[in-house]
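Residue-level structure breakdown
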Amino acid sequence: QVQLVESGGGLVQPGGSLRLSCAASGIFFSINVMGWYRQAPGKQRELVATITKGGVISYANSVKGRFTISRDNAKNTVVYLQMNSLQPEDTAVYLCNVRTAPGDYWGQGTQVTVSS
């Protein structure tokens, strides 16, 4: 059974930081891409950051220079998102995504709220 377990969300003041983690298990196919998406109320899901099996990283323009995606190279099934200089517009449910040849898997999401 495939499981993506996310952690690290919460409430933070503007300018603060959070670190999200996602651990994948039960996936028997090679993981091609791991990434983070987010969905704010009333808005479409949007890509935040991805990292490929080969280590190629991509960011949404809105988070470049503030967020950093990384992977546990020893396990290759754990991905992190370090979020700095958080702003109210970063408030959303953050979802972990794993892409394999047969298809994508999603976590249940973790809430990030940026508010004073």
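Our structure is the block above this text.
1. As for the overall build of the chain
- Broken down by element type, the chain carries zero helices and 11 strands.
- Of the regular secondary structure in the chain, the N- to C-terminal order runs β-β-β-β-β-β-β-β-β-β-β.
- Relative to the compact-globule value of 13 Å for 116 residues, the chain shows a C-alpha radius of gyration of 14 Å, a close match.
- Each of the three principal axes of the chain carries a C-alpha extent, and together these read 45 × 25 × 20 Å.
- Here the chain holds 116 residues, and 41% of them are scored as buried.

2. Some details on the sheet that holds strand E3 (residues 18–25)
- Read from one edge to the other, the open sheet built from four strands follows the order E1-E3-E8-E7, with strand pairing classed as antiparallel. The open sheet is flanked by strand E1 (3–7) and strand E7 (67–71), the only strands paired with a single partner. Strand after strand, the sheet turns through a mean of 15° between neighbouring axes, direction not considered.
- Where E1 and E3 come together, five bridges link them in antiparallel fashion. Each residue of the ladder has a partner; that of Val-5, found in E3, is Ala-23.

Rules and cut-offs
Residues numbered from 1 in each chain as written. Predicted model: local features only at pLDDT ≥ 70, side-chain atom pairs only at ≥ 80, totals over all residues. Heavy atoms only, no water. Helix = DSSP H or I, 4+ residues; strand = E, 2+ residues; numbered from the N terminus. Rg over C-alpha atoms; globule rule 2.2 N^0.38 Å. Buried < 20%, exposed > 50% of the residue type's maximum accessible area, 1.4 Å probe, protein only. Pairing = 2+ DSSP bridges. Axes fitted to C-alpha atoms, helices over the stretch in contact; angles between N-to-C directions.

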